[in-house]
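Read off the chains here:
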Amino acid sequence: TLFSNKKKKRKKICYIFFIVVNEFCERFSYYGMRAVLVLYFRYFLLWDDDLATSIYHAFVALCYLTPILGAIIADSWLGKFKTIIYLSIVYAIGQVTMAISTIHDITDANRDGTPDNFTFHIALSMLGLILIALGTGGIKPCVAAFGGDQFQEHQSRQLNTFFSVFYLCINAGSLLSTLITPLKSVASTLMVFIAGSGMYVKTDPEGNIMWSVCKCIGFAIKNRFRHRSSSYPKREHWMDWANEKYDKLLIAQIKMVLKVLFLYIPLPMFWTLFDQKGSRWTLQATTMSGDFVSILISTVNPILILTLVPIMDRLIFPLIQKCGLNFSPLKRMTVGMLFAAMAFVSAALVQIEIDKTLPNFPSSSESQLKVVNTYSTTLNVTISPNEHLLIESFGSSADYVTFDHQDITVSLNTNPVITKAFSLIKGGRQTLIIPSDPTVMYLKEDVKSKPREGKNAIRFVNGYTADLNITNLDSIEPSATTNYTLVNQGKRDFVLRHGEQWCEFSRKFGFGASYTFLIPSTVFSDDCESITEVEDMKPNSVHMALQIPQYFLITTGEVMFSVTGLQFSYSQAPKNMKSVLQAGWLCTNAVGNIIVLIVAELGKLPKQWAEYLLFASLLVAVSIIFSIMAYFYTYIDPAEIEAQVRKEQGLEPEEMEKETLEMEEKDEDQKNEQGVKQTKI
Ligand SMILES: N[C@@H](CC(=O)O)C(=O)NCC(=O)O
């Protein structure tokens, strides 16, 4: 017996291995593709930020809505195993379609590096994304539930460990996803999963369960309405009004599912906050300094998950239990929500620090102007009606001057006085460039937001008497100003050239600054030493390490909320509705993403920190409601309830046991048979 138990245990570990490795590969593919999706929209399809972000969130929402479809297919028709196989094929086709959509040569007839037919690429990529959403979402509730199915009812501790390991694999996949191409991993997902085929415990689909559930609920409502008069005796539960027509077991199962689904109503709010780490928090990082931007953004969450899940499972939760506290799943989820709210308070505090260092950008009705003087002497600049600036040669006004009107007149104290009228851009920032010939002074538009991804925006004003060539820039005419170029943080070298003459100019950059470099006529004679710099926007000064507490808090919240929610959804579902409840759980994520979309569309509060605090307060309010709902929830053992109903229906426990034994034997035979077949092959 001991030997056979050990053998069984080893076999189980083997099945679980295939399932978790499958999840690892799938998440690897999903996150690998998701990481570059916004960049693809922005730089290949040339969509603006808003459209790219909206389509991205819509795609994520779709990925979490399709689980319902997957669950229906699995529970009513194909069973979980086949659903995973078939939808993985759809998934792979989606990735291939998506990959093809990124080959610009397909429509780039003139080979200029830009696709000629954007509609074709957009249509193909949208088709690819829909197939991917169908694949990834469709298999998601099945894989988790399929993993859970490998355990027996008395193995609840092992089941919890399985879900923790499952979550670890999700995050290991997400962490490594940037290293290997997603396409390979979809293929390997399928191969790994099929490799374990002969060993799994496969539960058969039980007919069109969703349809039966809907019909049963519909009948209960109709029947209740028909018997609304007080002369009819009340029933314990409104679903009991289906007793006349439907099986008691089905009604009991629906009651269990509805009870959990009702509890899910407040949960999307958690995901609304959680999913903003990929949008608002990423934007926040671009206004901060530190040289681990991309690493921090894309890997801090999975790294923390990989560390926190074992710590929580092995240390914190057992410790709490030892202290005699009942830290039930629903309590954990409530605490998880509070952690997410604290993360947003932390984000608000960081934002307040950042705001102190941000430039004072113009409002939509204001205009801002700075003056740069490349004339040979100091100038007295008067901007009507009453702005007087004294600007040195190859210098600039100290900061931007803000106007609440657009039409201005500029006078220079040259001899004779030069006066010129300008119309400023509403809501814009501009620089008035005074060249060596001040009569041709002109306006140049400036950046009015922090350069993206911590880069620096730089431009040059040519005060030299002839055309100049500067590394990586087009040639600049005398007195002209280049457009902004984005440069990364760190030391950068530029070579300035005119015919045979050249000099090298080096500059060390921080994060998120903007500069105008003024090139004087003496540039070659003093070896680029005389180039002066005007700081249009200060570099970011709040360090990105300050974001770590908010990532830590949200990830702690995720471990408590998400891992527990996954386990809870499995354990509280009747056997034939495990995937359906997993799909319901995943839907809370979809609704959360839709809320982010709506909030983004409705626009933000004027202050970002206030928006963070608003979200934190909303989540605290929601977690209070959830804790009250959780207080009234009684944990159930679905198998026990089902057994009780069966017993009430006259099916004796011995018969049931016999039935179970027979089923187990059948399963074992089936597996042996497959094993023999495989050996023969
Ligand atoms: N922590 C996330 C992964 C990530 O954002 O990198 C996670 O575990 N999500 C759950 C999922 O199923 O992907």
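Conventions we followed
Starting afresh in each chain, residues are numbered from 1 along the sequence in its written order. Since the coordinates come from a predicted model, pLDDT governs what is reported: local features require at least 70, and pairs of side-chain atoms require 80 or more to be given and counted, while whole-chain, interface and lining totals use all residues. Derived side-chain values reflect all non-hydrogen atoms in the structure, with water molecules and hydrogen atoms excluded from consideration. Each helix is a run of DSSP H or I of at least 4 residues and each strand a run of E of at least 2, with the numbering of both proceeding from the N terminus. Only protein chains enter the accessibility calculation, which uses a 1.4 Å probe; a residue is then buried when its area is under 20% of its type maximum, exposed when over 50%, and partly exposed in between. Note on contacts: a residue pair is in contact if any heavy atoms of the two residues lie within 4.5 Å. Only the protein chains shown count as cover for residues, with accessible areas throughout obtained via the Shrake-Rupley method and a probe of 1.4 Å. In plain words, nonpolar cores are sets of buried Ala, Val, Leu, Ile, Met, Phe, Trp, Tyr and Cys residues tied together by side-chain atoms within 4.5 Å. Two strands are said to pair when DSSP picks up at least two bridges between them. Note on geometry: axes are C-alpha line fits, over the in-contact stretch for helices, and angles between N-to-C directions span 0 to 180 degrees. Any residue with a heavy atom lying within 4 Å of a molecule or strand is counted as near it. By the criterion applied in these results, polar contacts are pairs of N or O atoms within 3.5 Å in which, for protein atoms, one can donate a hydrogen and the other can accept it, and in which residues neighboring in sequence qualify only through two side-chain atoms.

**Focus on the overall build of the chain**
No. 1: From N to C terminus, the chain includes 17 helices and 16 strands.
No. 2: Sorting the 681 residues of the chain into buried and exposed places 49% on the buried side.
No. 3: In the chain, the share of contacts with a sequence separation of at least 24, taken over all contacts with a separation of at least 6, comes to 72%.
No. 4: Summed over its atoms, the accessible surface of the chain is roughly 33,100 Å², and 60% of this surface lies on carbon and sulfur atoms.

**A closer look at the nonpolar core**
No. 1: Ranked by size, the top nonpolar core spans 114 residues in total, and within it Phe41, Phe59 and Trp585 carry the most contacts.
No. 2: Not counting residues up to four positions away in its chain, the partners in contact with tryptophan 585 are Tyr264, Leu267, Trp271, Met333, Phe561, Ser562, Gly565, Leu566 and Ser569.
No. 3: Residues Phe460, Val487, Phe524 and Ile531 belong to the second largest nonpolar core, which totals 22 residues.

**Overview of the sheet that holds strand E12 (residues 485-487)**
No. 1: Sheet architecture is open: four strands sit in the order E12-E10-E15-E16, paired in mixed fashion. Each of the sheet's edge strands pairs with one partner strand only, and the pair in question is E12 and strand E16 (532-537). Between one strand axis and the next, the sheet turns by 30 degrees as a mean value, whatever way the strands run.
No. 2: Inspection of the sheet shows strand E10 (residues 456-462) paired to E12 by three bridges, in the antiparallel sense. By the bridge assignment, isoleucine 458 is partnered in E12 with threonine 485.

**Describing the site of the ligand**
No. 1: Close contacts around the ligand come from Arg27, Tyr31, Tyr64, Lys140, Tyr167, Ile170, Asn171, Ser174, Lys277, Asn301, Pro302 and Glu558, and that covers them all.
No. 2: The separation between a nitrogen atom of the ligand and a polar side-chain atom of asparagine 171 is 2.8 Å.
No. 3: Note that a nitrogen atom of the ligand is positioned 2.6 Å from one of the side-chain N or O atoms of glutamate 558.
No. 4: Within the complex, 91% of the 360 Å² of free accessible area of the ligand lies under protein.

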